[in-house]
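Here's the letter readout for the chains.
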Amino acid sequence: MSSYYPRTKDLTRTRKSLTESPPSSPSPTDKNYRHERLSRYDSSGESATDKPVGRTGSYTRRETRLAALNRQEQDSTAKDYKKMYAEALHENERLKSRLQDSKQELVKIRSQLEKVTQRHDRISERSTALDMEKREKQALEKRVSNMEEEIKVGPESRRGEG
């Protein structure tokens, strides 16, 4: 890089010249220069001189390889999605089956609970009835014993009165 000016000085000079110049409308020569530049480019925007002539074959092969790799990745991705979908369906079916089993077990347990509750109610009713019968029996026994005492005491008290 042999130049008369160091690089920093050259850049500062161009910067100053760009900032110091007043804005102007494009001149007719600028328009022609742009037209010339555009005509040198093909429709893709690349210059005809920028295209490598001898390397197109290697670029084409590389693009073909990349496209094939992309297709393989897409295929494997699609297969992965299909596999994941099948696994998810299988898991859903398994979970539905477990849910159904749990519901059936819940129904059985509820019916058993209902039966036990009914038995308990019957037993408590029976125990209440038994308690009432015991009380009645005790009351009757007490009454019988009172009557027996009256009978014993009754003839003796009549003798003493008469």
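Residues numbered from 1 in each chain as written. Predicted model: local features only at pLDDT ≥ 70, side-chain atom pairs only at ≥ 80, totals over all residues. Heavy atoms only, no water.

Digging into the overall build of the protein
Thought 1: The helix and strand tally for the protein stands at three helices and zero strands.
Thought 2: Order of helices (α) and strands (β) in the protein, N terminus to C terminus: α-α-α.
Thought 3: Relative to its full complement of 162 residues, the protein shows a buried share of 1%. (Helix = DSSP H or I, 4+ residues; strand = E, 2+ residues; numbered from the N terminus. Buried < 20%, exposed > 50% of the residue type's maximum accessible area, 1.4 Å probe, protein only.)

Brief notes about the pattern of salt bridges
Thought 1: Inspection of the entire model under this criterion finds one salt bridge.
Thought 2: Between Glu91 and Arg94 there is a salt bridge whose closest N-O contact spans 2.5 Å. With a gap of three residues between them, Glu91 and Arg94 both fall in helix 3 (residues 56-161), about one helical turn apart.
Thought 3: Overall, the relative accessible area of 32% leaves Glu91 in the partly exposed class. (Salt bridge = Lys/Arg side-chain N within 4 Å of Asp/Glu carboxyl O.)

Observations regarding the confidence of the model for the protein
Thought 1: Of the residues in the protein, 61% reach a pLDDT of 70 or more, and the chain-wide mean stands at 75.
Thought 2: Per-element mean pLDDT across the protein ranges from 51 in helix 1 (residues 7-20) up to 88 in helix 3. (pLDDT = per-residue confidence, 0-100.)

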